[in-house]
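Residue-level listing of the chains:
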Amino acid sequence: MEENAVAPSAVRAASDVRATFSRLRRRLREVDVGRGLTPSQTAALSRLSREGPFSTSGLAAAERVRPQSMATTLAALEQQGLLERRPDPDDGRRQIVTLTIAGRQRAEGDRQARAEWLATALQERYTEDERQTVIAAMALLERLGQS
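The structure displayed is predicted, hence computed values, not measured ones.

Colleague: I'm lost on the overall build of the protein chain in this one. Help?
Modeller: Assigned secondary structure in the protein chain consists of 6 helices and 3 strands. In sequence order, the secondary structure elements of the protein chain are arranged as α-α-β-α-α-β-β-α-α. Expected size for 147 residues packed as a compact globule is a radius of gyration near 15 Å; at 19 Å, the protein chain overshoots this value by more than 25%. Along the three orthogonal principal directions, the C-alpha set of the protein chain runs to about 60 × 40 × 20 Å. Scored against the burial criterion, the 147 residues of the protein chain give a buried share of 25%. Look at the contacts in the protein chain between residues 6 or more apart in sequence, and 53% of them connect residues 24 or more apart. Total accessible area computed for the protein chain in this model is approximately 10,400 Å², and 52% of it derives from carbon and sulfur atoms. Averaging the locations of the 23 positively and 20 negatively charged side chains of the protein chain gives two centres separated by 5 Å.

Take a look at the structure:
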């Protein structure tokens, strides 16, 4: 193998990690927290909770959707009392979107429901040895993420 060639095992691991994380992320988004939000509303609420506040266009860019689609998503969340808009202090033509207290509580409740689903699934579907293997693998992947 030439000096700069990527080992087949690295290519396979990269493919497997990407595919697995993509499926797991999708599955976590599908966890029904019993509150009737669409996946796009849940994603916007979650991002605002973690990283907000945002402008509509900034949130659209972060979520990789069209600003018009994000405006529709945000209007539905606003109608439910989960977010509010305020004038941007730096640009009066824009509005900044922030979560209300109810929105923060909702986002935290959703996050907790997903954490509980994942812990329960790991408990029910894996042995103790397998869970320890998952923990070790996550430590390795965390190291990769820090480089």
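Colleague: Sorry if this is basic, but what is going on with the pairing of strand E2 (residues 83–88) here?
Modeller: Remember that side chains alternate between the two faces of the sheet whenever the strand is regular. Here 6 bridges tie E2 to strand E3 (residues 91–99), and the two strands are oriented antiparallel to one another. Across the sheet, Pro87 pairs through a bridge with Gln95, a residue of E3. The turn linking E2 back onto E3 is made up of 2 residues.

Colleague: Looking at this structure, how should I read the sheet that holds E3?
Modeller: Within a beta sheet, neighbouring strands are joined by backbone hydrogen bonds and run either parallel or antiparallel to one another. Spatially, 3 strands are ordered E1-E3-E2 in an open sheet, and the strand pairing comes out antiparallel. Unpaired on one side and paired on the other, strand E1 (54–55) and E2 mark the two borders of the sheet. Sheet strands touched by helix H2 (residues 39–51): E1, E2 and E3. Its angle to E3, the strand with the most contacts, is close to 100°.

Colleague: Is there a simple way to explain the environment of Arg86 in this structure?
Modeller: Structurally, Arg86 can be placed in strand E2. Relative accessible area serves as the criterion here: at 45%, Arg86 is assigned to the partly exposed category. Contact partners of Arg86, with chain neighbours within four places excluded, come to Arg94, Gln95, Ile96 and Thr98.

The rules behind the values
Residues numbered from 1 in each chain as written. Predicted model: local features only at pLDDT ≥ 70, side-chain atom pairs only at ≥ 80, totals over all residues. Heavy atoms only, no water. Helix = DSSP H or I, 4+ residues; strand = E, 2+ residues; numbered from the N terminus. Rg over C-alpha atoms; globule rule 2.2 N^0.38 Å. Buried < 20%, exposed > 50% of the residue type's maximum accessible area, 1.4 Å probe, protein only. Contact = heavy atoms within 4.5 Å. Areas by Shrake-Rupley, 256 points an atom, 1.4 Å probe, with all protein chains shown as cover. Lys, Arg positive; Asp, Glu negative; His and termini not counted. Charge placed at Lys NZ, Arg CZ, Asp CG, Glu CD. Pairing = 2+ DSSP bridges. Axes fitted to C-alpha atoms, helices over the stretch in contact; angles between N-to-C directions.

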